[in-house]
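Notes for the structure review
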Amino acid sequence: MAKRRADVPDIWRVTTRRREPNVARNAPPWVLVAVPVVLLAAVLGLAYLVRGVDAPHSSARTVASAPSRADDVVRAYLGALARSDAAAAITASSPVPSGPFVTSAVLAAQQRMAPLHDIVVSENGGSGSRDDVDVQYSFGTRHVRTRIAVVKSHGRWRVQDGTVAIDVRYARDIPGLSVWGGPVTQDVIYVFPGPVRFGSTDPNLVVIDKDADDFAVEPTVGWGAPNLDVELRAAGRARAIAATVGLLRSCQASVRLEPSGCPQRAYDYEAVGSAVTWRLVGDPARDLDVTFDGPTYRRVRVSGDVKWTVDYAARRFGGAVDRKQAEVTSFVDGTFDLAASSFALD
(Lines give C-alpha, C1' and ligand atoms only; values in the text may rest on other atoms or scores of the structure.)
Protein backbone atom coordinates (compact mmCIF):
# COMPACT_ATOMS: atom_id res chain seq x y z
CA MET A 1 0.00 0.00 0.00
CA ALA A 2 1.38 3.34 -0.99
CA LYS A 3 2.12 5.69 1.82
CA ARG A 4 1.01 9.33 1.98
CA ARG A 5 3.84 11.58 0.95
CA ALA A 6 4.71 14.04 3.56
CA ASP A 7 5.98 16.61 1.03
CA VAL A 8 2.64 17.01 -0.82
CA PRO A 9 1.16 20.44 -0.07
CA ASP A 10 -2.15 20.54 1.79
CA ILE A 11 -3.75 22.29 -1.18
CA TRP A 12 -3.57 19.04 -3.09
CA ARG A 13 -5.10 16.96 -0.38
CA VAL A 14 -8.63 15.77 -0.97
CA THR A 15 -11.02 16.74 1.77
CA THR A 16 -14.66 15.96 2.25
CA ARG A 17 -17.45 18.03 3.81
CA ARG A 18 -21.11 17.54 4.57
CA ARG A 19 -23.30 18.22 1.50
CA GLU A 20 -26.04 20.82 2.07
CA PRO A 21 -29.53 19.61 1.16
CA ASN A 22 -30.84 20.46 -2.35
CA VAL A 23 -34.16 22.23 -1.83
CA ALA A 24 -35.23 21.87 -5.41
CA ARG A 25 -34.60 18.17 -5.21
CA ASN A 26 -36.00 17.45 -1.75
CA ALA A 27 -38.75 20.09 -1.17
CA PRO A 28 -42.44 19.20 -1.56
CA PRO A 29 -44.22 20.57 -4.67
CA TRP A 30 -46.15 23.34 -2.91
CA VAL A 31 -42.91 25.02 -1.88
CA LEU A 32 -41.80 25.21 -5.51
CA VAL A 33 -44.98 27.20 -6.30
CA ALA A 34 -45.10 29.43 -3.20
CA VAL A 35 -41.54 30.74 -3.34
CA PRO A 36 -41.80 32.46 -6.79
CA VAL A 37 -45.19 33.97 -5.84
CA VAL A 38 -43.78 35.48 -2.66
CA LEU A 39 -40.79 36.89 -4.53
CA LEU A 40 -43.05 38.44 -7.20
CA ALA A 41 -45.26 40.05 -4.54
CA ALA A 42 -42.21 41.52 -2.83
CA VAL A 43 -40.96 43.05 -6.10
CA LEU A 44 -44.35 44.59 -6.90
CA GLY A 45 -44.68 45.97 -3.39
CA LEU A 46 -41.27 47.60 -3.61
CA ALA A 47 -42.16 49.19 -6.93
CA TYR A 48 -45.40 50.54 -5.46
CA LEU A 49 -43.54 52.12 -2.54
CA VAL A 50 -40.92 53.70 -4.80
CA ARG A 51 -43.59 55.17 -7.13
CA GLY A 52 -45.56 56.65 -4.28
CA VAL A 53 -49.24 56.78 -3.39
CA ASP A 54 -51.52 59.63 -4.48
CA ALA A 55 -53.37 61.61 -1.86
CA PRO A 56 -56.93 60.40 -1.43
CA HIS A 57 -58.75 63.09 -3.38
CA SER A 58 -61.02 62.93 -6.38
CA SER A 59 -58.32 63.37 -9.03
CA ALA A 60 -56.29 60.45 -7.63
CA ARG A 61 -59.28 58.17 -7.90
CA THR A 62 -59.70 58.90 -11.61
CA VAL A 63 -56.09 58.87 -12.81
CA ALA A 64 -56.49 55.57 -14.61
CA SER A 65 -59.42 56.86 -16.66
CA ALA A 66 -57.75 60.08 -17.81
CA PRO A 67 -56.60 60.14 -21.47
CA SER A 68 -52.90 59.73 -22.15
CA ARG A 69 -52.90 62.08 -25.17
CA ALA A 70 -53.20 65.86 -24.97
CA ASP A 71 -55.81 66.10 -27.73
CA ASP A 72 -57.87 63.30 -26.21
CA VAL A 73 -58.17 65.05 -22.85
CA VAL A 74 -59.27 68.27 -24.57
CA ARG A 75 -61.95 66.32 -26.47
CA ALA A 76 -63.05 64.72 -23.22
CA TYR A 77 -63.20 68.09 -21.46
CA LEU A 78 -65.16 69.92 -24.17
CA GLY A 79 -67.46 66.92 -24.60
CA ALA A 80 -68.18 66.94 -20.87
CA LEU A 81 -69.12 70.62 -21.01
CA ALA A 82 -71.40 70.04 -23.98
CA ARG A 83 -73.34 67.25 -22.25
CA SER A 84 -73.39 69.04 -18.85
CA ASP A 85 -71.24 66.38 -17.17
CA ALA A 86 -69.43 68.29 -14.41
CA ALA A 87 -67.79 65.17 -12.96
CA ALA A 88 -66.12 64.33 -16.28
CA ALA A 89 -65.00 67.93 -16.79
CA ILE A 90 -63.51 67.97 -13.29
CA THR A 91 -61.66 64.70 -13.98
CA ALA A 92 -60.15 66.20 -17.14
CA SER A 93 -58.90 69.34 -15.30
CA SER A 94 -55.86 70.16 -13.19
CA PRO A 95 -55.87 71.39 -10.52
CA VAL A 96 -59.15 69.76 -9.56
CA PRO A 97 -61.82 72.51 -9.62
CA SER A 98 -64.32 72.84 -6.80
CA GLY A 99 -66.96 75.22 -5.49
CA PRO A 100 -70.74 75.63 -5.36
CA PHE A 101 -71.01 76.64 -9.03
CA VAL A 102 -68.90 73.84 -10.52
CA THR A 103 -71.83 71.42 -10.75
CA SER A 104 -73.81 69.62 -13.41
CA ALA A 105 -76.91 71.68 -12.53
CA VAL A 106 -75.11 74.99 -13.18
CA LEU A 107 -73.42 73.57 -16.26
CA ALA A 108 -76.80 72.47 -17.63
CA ALA A 109 -78.17 75.99 -17.10
CA GLN A 110 -75.18 77.44 -18.95
CA GLN A 111 -75.67 75.02 -21.83
CA ARG A 112 -79.35 75.88 -22.12
CA MET A 113 -78.42 79.54 -22.60
CA ALA A 114 -75.48 78.96 -24.96
CA PRO A 115 -74.92 75.36 -26.12
CA LEU A 116 -71.39 74.22 -26.93
CA HIS A 117 -71.32 72.49 -30.32
CA ASP A 118 -69.35 71.82 -33.52
CA ILE A 119 -66.19 70.88 -31.59
CA VAL A 120 -63.04 70.31 -33.67
CA VAL A 121 -59.79 69.39 -31.88
CA SER A 122 -56.49 69.29 -33.77
CA GLU A 123 -54.24 66.23 -33.43
CA ASN A 124 -51.59 66.73 -30.79
CA GLY A 125 -50.30 63.92 -28.61
CA GLY A 126 -48.53 66.41 -26.36
CA SER A 127 -44.87 66.83 -25.48
CA GLY A 128 -42.99 67.68 -22.32
CA SER A 129 -44.99 68.56 -19.24
CA ARG A 130 -47.00 71.41 -20.78
CA ASP A 131 -48.49 71.96 -24.20
CA ASP A 132 -51.32 73.67 -26.10
CA VAL A 133 -53.99 72.09 -28.28
CA ASP A 134 -55.64 74.01 -31.15
CA VAL A 135 -59.45 73.85 -31.05
CA GLN A 136 -62.50 75.28 -32.76
CA TYR A 137 -66.08 75.23 -31.53
CA SER A 138 -69.21 77.32 -31.20
CA PHE A 139 -70.64 78.66 -27.96
CA GLY A 140 -74.21 79.64 -28.69
CA THR A 141 -73.87 81.93 -31.71
CA ARG A 142 -70.20 82.76 -31.04
CA HIS A 143 -67.51 80.95 -33.03
CA VAL A 144 -64.32 80.26 -31.08
CA ARG A 145 -60.84 79.49 -32.41
CA THR A 146 -58.27 79.19 -29.61
CA ARG A 147 -55.59 77.06 -27.95
CA ILE A 148 -56.34 75.20 -24.74
CA ALA A 149 -53.42 74.68 -22.35
CA VAL A 150 -52.79 71.17 -21.03
CA VAL A 151 -50.44 69.88 -18.32
CA LYS A 152 -49.11 66.50 -17.23
CA SER A 153 -50.54 65.37 -13.89
CA HIS A 154 -49.88 61.91 -12.42
CA GLY A 155 -48.48 60.91 -15.79
CA ARG A 156 -51.66 61.86 -17.67
CA TRP A 157 -52.63 64.93 -19.66
CA ARG A 158 -55.23 67.28 -18.22
CA VAL A 159 -56.70 70.66 -19.16
CA GLN A 160 -54.95 73.37 -17.19
CA ASP A 161 -57.34 75.35 -14.96
CA GLY A 162 -60.56 73.98 -16.41
CA THR A 163 -62.73 76.76 -14.95
CA VAL A 164 -63.18 80.54 -15.17
CA ALA A 165 -62.20 82.64 -12.14
CA ILE A 166 -64.47 85.69 -11.62
CA ASP A 167 -63.57 88.42 -9.14
CA VAL A 168 -66.75 89.54 -7.34
CA ARG A 169 -65.22 91.30 -4.33
CA TYR A 170 -66.51 94.71 -5.43
CA ALA A 171 -70.03 93.39 -6.02
CA ARG A 172 -70.49 91.68 -2.67
CA ASP A 173 -72.07 94.82 -1.18
CA ILE A 174 -75.14 94.02 -3.29
CA PRO A 175 -77.67 92.56 -0.84
CA GLY A 176 -78.27 88.87 -1.51
CA LEU A 177 -75.86 88.65 -4.46
CA SER A 178 -76.29 85.29 -6.16
CA VAL A 179 -75.02 83.29 -9.15
CA TRP A 180 -77.49 80.94 -10.81
CA GLY A 181 -79.65 81.29 -7.70
CA GLY A 182 -76.89 80.32 -5.25
CA PRO A 183 -75.45 82.75 -2.67
CA VAL A 184 -72.02 84.28 -3.28
CA THR A 185 -69.85 83.87 -0.18
CA GLN A 186 -66.32 84.31 -1.60
CA ASP A 187 -64.44 87.15 -3.29
CA VAL A 188 -63.58 84.89 -6.24
CA ILE A 189 -65.98 82.34 -7.70
CA TYR A 190 -65.29 79.55 -10.19
CA VAL A 191 -67.57 78.44 -13.01
CA PHE A 192 -67.13 76.45 -16.18
CA PRO A 193 -66.82 78.45 -19.42
CA GLY A 194 -70.18 79.78 -20.55
CA PRO A 195 -72.81 82.33 -19.55
CA VAL A 196 -73.11 83.42 -15.92
CA ARG A 197 -76.39 84.71 -14.50
CA PHE A 198 -76.07 87.12 -11.57
CA GLY A 199 -79.02 87.97 -9.38
CA SER A 200 -80.13 88.83 -5.86
CA THR A 201 -82.15 86.93 -3.32
CA ASP A 202 -83.51 90.28 -2.09
CA PRO A 203 -87.08 90.50 -3.46
CA ASN A 204 -86.73 94.27 -3.86
CA LEU A 205 -83.70 94.21 -6.15
CA VAL A 206 -82.77 93.05 -9.63
CA VAL A 207 -79.14 92.66 -10.74
CA ILE A 208 -78.26 93.42 -14.36
CA ASP A 209 -75.03 92.20 -15.93
CA LYS A 210 -74.17 94.80 -18.56
CA ASP A 211 -71.66 92.45 -20.20
CA ALA A 212 -73.74 89.26 -19.93
CA ASP A 213 -73.26 88.38 -23.61
CA ASP A 214 -69.48 88.74 -23.38
CA PHE A 215 -68.96 85.60 -21.31
CA ALA A 216 -65.78 83.50 -21.11
CA VAL A 217 -65.66 80.83 -23.82
CA GLU A 218 -62.54 79.02 -22.59
CA PRO A 219 -60.83 78.26 -19.27
CA THR A 220 -59.05 81.25 -17.74
CA VAL A 221 -57.75 82.30 -14.33
CA GLY A 222 -57.97 86.05 -14.99
CA TRP A 223 -61.43 86.85 -16.33
CA GLY A 224 -61.77 89.88 -14.04
CA ALA A 225 -64.82 91.49 -12.44
CA PRO A 226 -68.39 91.58 -13.77
CA ASN A 227 -70.02 94.84 -14.81
CA LEU A 228 -73.15 94.78 -12.65
CA ASP A 229 -75.93 97.31 -12.13
CA VAL A 230 -78.69 97.15 -9.52
CA GLU A 231 -82.26 98.32 -9.98
CA LEU A 232 -85.42 98.17 -7.94
CA ARG A 233 -87.81 95.40 -8.74
CA ALA A 234 -91.43 96.34 -9.21
CA ALA A 235 -92.07 95.08 -5.66
CA GLY A 236 -89.44 97.38 -4.15
CA ARG A 237 -90.65 100.37 -6.12
CA ALA A 238 -94.25 99.68 -5.10
CA ARG A 239 -93.27 99.54 -1.43
CA ALA A 240 -91.48 102.89 -1.60
CA ILE A 241 -94.35 104.62 -3.42
CA ALA A 242 -96.97 103.09 -1.13
CA ALA A 243 -95.16 104.40 1.93
CA THR A 244 -94.89 107.87 0.38
CA VAL A 245 -98.56 107.97 -0.63
CA GLY A 246 -99.50 106.81 2.85
CA LEU A 247 -97.75 109.84 4.32
CA LEU A 248 -99.42 112.17 1.80
CA ARG A 249 -102.87 110.83 2.61
CA SER A 250 -102.27 111.34 6.30
CA CYS A 251 -101.33 114.94 5.50
CA GLN A 252 -104.82 115.51 4.07
CA ALA A 253 -106.08 115.53 7.65
CA SER A 254 -104.01 118.59 8.51
CA VAL A 255 -106.00 121.72 9.51
CA ARG A 256 -103.14 124.17 8.99
CA LEU A 257 -101.95 125.94 5.86
CA GLU A 258 -98.35 125.01 6.70
CA PRO A 259 -98.59 121.66 8.43
CA SER A 260 -95.51 120.27 10.15
CA GLY A 261 -94.13 117.02 8.72
CA CYS A 262 -96.03 117.44 5.42
CA PRO A 263 -94.90 118.77 2.04
CA GLN A 264 -97.86 121.05 1.19
CA ARG A 265 -97.85 124.77 1.91
CA ALA A 266 -100.34 127.60 1.31
CA TYR A 267 -99.53 131.24 2.04
CA ASP A 268 -102.27 133.82 2.72
CA TYR A 269 -101.84 136.58 5.29
CA GLU A 270 -105.64 137.01 5.32
CA ALA A 271 -106.28 133.43 6.48
CA VAL A 272 -108.00 133.10 9.82
CA GLY A 273 -108.71 130.26 12.18
CA SER A 274 -107.77 126.60 11.70
CA ALA A 275 -110.65 125.35 9.58
CA VAL A 276 -108.41 124.17 6.70
CA THR A 277 -109.27 121.28 4.38
CA TRP A 278 -106.64 119.66 2.15
CA ARG A 279 -107.39 117.27 -0.72
CA LEU A 280 -105.02 115.40 -3.06
CA VAL A 281 -105.70 115.86 -6.76
CA GLY A 282 -105.61 112.65 -8.81
CA ASP A 283 -103.23 109.80 -8.07
CA PRO A 284 -100.11 111.16 -6.38
CA ALA A 285 -98.13 108.00 -7.21
CA ARG A 286 -98.25 108.78 -10.92
CA ASP A 287 -95.66 111.56 -10.80
CA LEU A 288 -93.27 110.12 -8.23
CA ASP A 289 -89.72 109.05 -9.14
CA VAL A 290 -87.86 106.37 -7.19
CA THR A 291 -84.05 106.07 -7.27
CA PHE A 292 -81.40 104.53 -5.04
CA ASP A 293 -80.05 106.83 -2.35
CA GLY A 294 -76.39 105.98 -1.72
CA PRO A 295 -74.37 102.83 -2.38
CA THR A 296 -76.04 100.53 0.16
CA TYR A 297 -79.06 99.57 -1.99
CA ARG A 298 -81.16 99.79 1.20
CA ARG A 299 -82.42 103.38 0.91
CA VAL A 300 -84.35 104.82 -2.01
CA ARG A 301 -85.19 108.41 -2.71
CA VAL A 302 -88.77 109.28 -3.66
CA SER A 303 -89.44 112.66 -5.24
CA GLY A 304 -91.92 114.45 -7.45
CA ASP A 305 -94.63 117.09 -7.70
CA VAL A 306 -97.93 116.52 -5.90
CA LYS A 307 -101.07 118.59 -6.52
CA TRP A 308 -103.55 119.62 -3.84
CA THR A 309 -106.68 121.71 -3.33
CA VAL A 310 -107.04 123.67 -0.11
CA ASP A 311 -110.13 125.27 1.40
CA TYR A 312 -109.79 127.75 4.26
CA ALA A 313 -111.31 130.83 5.87
CA ALA A 314 -109.95 134.27 5.01
CA ARG A 315 -110.86 137.80 5.96
CA ARG A 316 -112.02 139.91 3.05
CA PHE A 317 -111.45 143.63 2.61
CA GLY A 318 -113.81 145.34 4.99
CA GLY A 319 -113.52 142.67 7.69
CA ALA A 320 -115.93 140.02 6.46
CA VAL A 321 -114.74 136.36 6.69
CA ASP A 322 -115.24 134.14 3.68
CA ARG A 323 -114.11 130.72 2.39
CA LYS A 324 -111.34 130.56 -0.20
CA GLN A 325 -110.18 127.69 -2.40
CA ALA A 326 -106.80 127.31 -4.07
CA GLU A 327 -104.74 124.79 -5.96
CA VAL A 328 -101.28 124.07 -4.58
CA THR A 329 -98.39 122.10 -6.03
CA SER A 330 -95.87 120.80 -3.54
CA PHE A 331 -92.56 119.05 -4.17
CA VAL A 332 -92.11 115.79 -2.31
CA ASP A 333 -88.56 114.70 -1.48
CA GLY A 334 -87.98 111.89 0.99
CA THR A 335 -86.23 108.59 1.68
CA PHE A 336 -87.72 105.13 2.03
CA ASP A 337 -85.76 102.52 3.98
CA LEU A 338 -86.27 99.12 2.38
CA ALA A 339 -85.08 97.29 5.48
CA ALA A 340 -87.13 99.29 8.02
CA SER A 341 -90.13 99.86 5.70
CA SER A 342 -90.25 103.51 6.74
CA PHE A 343 -90.51 106.79 4.82
CA ALA A 344 -89.36 110.21 5.99
CA LEU A 345 -89.31 113.58 4.27
CA ASP A 346 -85.89 115.16 3.82
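The structure reproduced in this document is the subject of the present report.

Thresholds, definitions, all that
Residues numbered from 1 in each chain as written. Predicted model: local features only at pLDDT ≥ 70, side-chain atom pairs only at ≥ 80, totals over all residues. Heavy atoms only, no water. Helix = DSSP H or I, 4+ residues; strand = E, 2+ residues; numbered from the N terminus. Buried < 20%, exposed > 50% of the residue type's maximum accessible area, 1.4 Å probe, protein only. Contact = heavy atoms within 4.5 Å. Areas by Shrake-Rupley, 256 points an atom, 1.4 Å probe, with all protein chains shown as cover. Expected span 1.5 Å × (residues − 1). Pairing = 2+ DSSP bridges. Phe/Tyr/Trp six-rings, centres within 6.5 Å; stacked < 30°, edge-to-face > 60°. Axes fitted to C-alpha atoms, helices over the stretch in contact; angles between N-to-C directions. Salt bridge = Lys/Arg side-chain N within 4 Å of Asp/Glu carboxyl O. Core = buried A, V, L, I, M, F, W, Y, C linked by side-chain atoms within 4.5 Å. Disulfide = S-S within 2.5 Å.

The secondary structure content of the protein chain amounts to seven helices and 18 strands. Looking at the protein chain as a whole, 38% of its 346 residues qualify as buried. If you take every contact in the protein chain between residues at least 6 apart in sequence, the share linking residues at least 24 apart comes to 59%. When the accessible area of the protein chain is evaluated, it comes to approximately 20600 Å², of which 54% is carbon and sulfur surface.

Attention shifts here to helix H4 (residues 70-82). Every α-helix winds through 3.6 residues per turn, so residues three or four apart in the chain are directed the same way. In this model H4 runs 19 Å from its N-terminal to its C-terminal C-alpha over 13 residues, within 8% of the 18 Å that 1.5 Å per residue would give. For H4, every residue scored as buried is listed here: Ala70, Asp71, Val73, Val74, Tyr77, Leu78, Gly79, Ala80 and Leu81. A positive backbone phi angle near 60 degrees is found at serine 84, which sits one or two residues after H4.

The strand order S8-S7-S10 describes an open sheet built from three strands, whose pairing is antiparallel. Looking at the sheet topology across the chains shown, the edges are occupied by strand S8 (182-183) and strand S10 (198-200). Looking at chain direction, strand S7 (residues 177-179) and S8 are connected through two bridges and run antiparallel. Each bridged residue has a counterpart across the sheet, and for valine 179 the counterpart in S8 is glycine 182.

Scanning all chains against the criterion turns up four aromatic pairs. Ring geometry for tyrosine 137 versus phenylalanine 139: centroids 6.2 Å apart, planes at 80 degrees, classification edge-to-face. You'll find tyrosine 137 and phenylalanine 139 in the same group, each marked buried. Ring geometry for phenylalanine 292 against tyrosine 297: centres 5.4 Å apart, planes inclined by 90 degrees, an arrangement best described as edge-to-face.

The mixed open sheet is built from three strands, whose spatial order is S9-S6-S12. Two strands bound the open sheet, and with one partner strand each, they are strand S9 (188-191) and strand S12 (220-224). Here the strands of the sheet are splayed against their neighbours by 30 degrees on average, with no regard to which way each runs. Sheet analysis places strand S6 (residues 164-167) next to S12, joined by two bridges and oriented parallel.

Moving on to the pattern of salt bridges. In total, this model carries 18 salt bridges according to the counting rule given. Across the pair lysine 324 and aspartate 268 runs a salt bridge whose closest N-O atoms are separated by 2.9 Å. Taken together, the positions of lysine 324 in strand S17 (residues 321-337) and aspartate 268 in the loop between helix H7 (234-251) and strand S14 (277-280) put the pair 56 residues apart, joining distant regions of the chain. Among the charged side chains, a salt-bridge network with shared partners connects Arg69, Asp71, Asp72, Arg75 and Glu123.

Once that is clear, we can look at the nonpolar core. Ile166, Ile174, Val179, Phe198, Trp308 and Val310 are the most contacted members of the largest nonpolar core, which has 48 residues in total. Once residues lying within four places of it in the same chain are set aside, the contact partners of isoleucine 166 are Asp187, Val188, Ile189, Val191, Val196, Phe198, Trp223, Gly224 and Pro226. Leu107, Val150, Val159 and Val217 belong to the second-largest nonpolar core, a separate cluster that totals 28 residues.

Attention now moves to the pairing of S17. Judged from the 17 bridges that link them, strand S16 (residues 299-315) and S17 form a sheet pairing that is antiparallel. Bridge pairing links valine 302 to glycine 334 in S17. Following S16, the chain reverses through five residues before pairing antiparallel with S17; glycine 318 in that reversal takes a positive phi of roughly 105 degrees. Sheet analysis places S17 next to strand S18 (residues 342-345), joined by four bridges and oriented antiparallel.

Locating glycine 155 in the fold gives a position in the loop between strand S4 (142-153) and strand S5 (156-160). Remark: the alpha-carbon pair of glycine 155 and serine 129, spanning 26 residues in sequence, is separated by 9.1 Å.

To continue, consider the state of the cysteines. In this structure the tally under the stated criterion is one disulfide. Linked covalently through their sulfurs, cysteine 251 and cysteine 262 form a disulfide whose S-S length is 2.0 Å. Where cysteine 251 bonds to cysteine 262 through sulfur, the torsion about that S-S bond is close to -90 degrees, and the disulfide is left-handed. With cysteine 251 in helix H7 and cysteine 262 in the loop between H7 and S14, this pair connects stretches of sequence that are 11 residues apart. Of the two residues, cysteine 251 and cysteine 262, both sit in the buried class.

The amide bond that connects serine 94 to the next residue, proline 95, takes the cis arrangement and shows omega of 0 degrees. By the element assignment, proline 95 lies in the loop between strand S1 (93-94) and helix H6 (104-113). Positioned with a positive phi, aspartate 118 is a non-glycine residue whose angle comes to about 55 degrees. By secondary structure assignment, the location of aspartate 118 is in strand S2 (residues 116-121). Exposure remark for aspartate 118: the relative accessible area of 55% places this residue in the exposed category. Phi is positive for histidine 154, which is not a glycine, with a value near 55 degrees. Within the fold, histidine 154 resides in the loop between S4 and S5.

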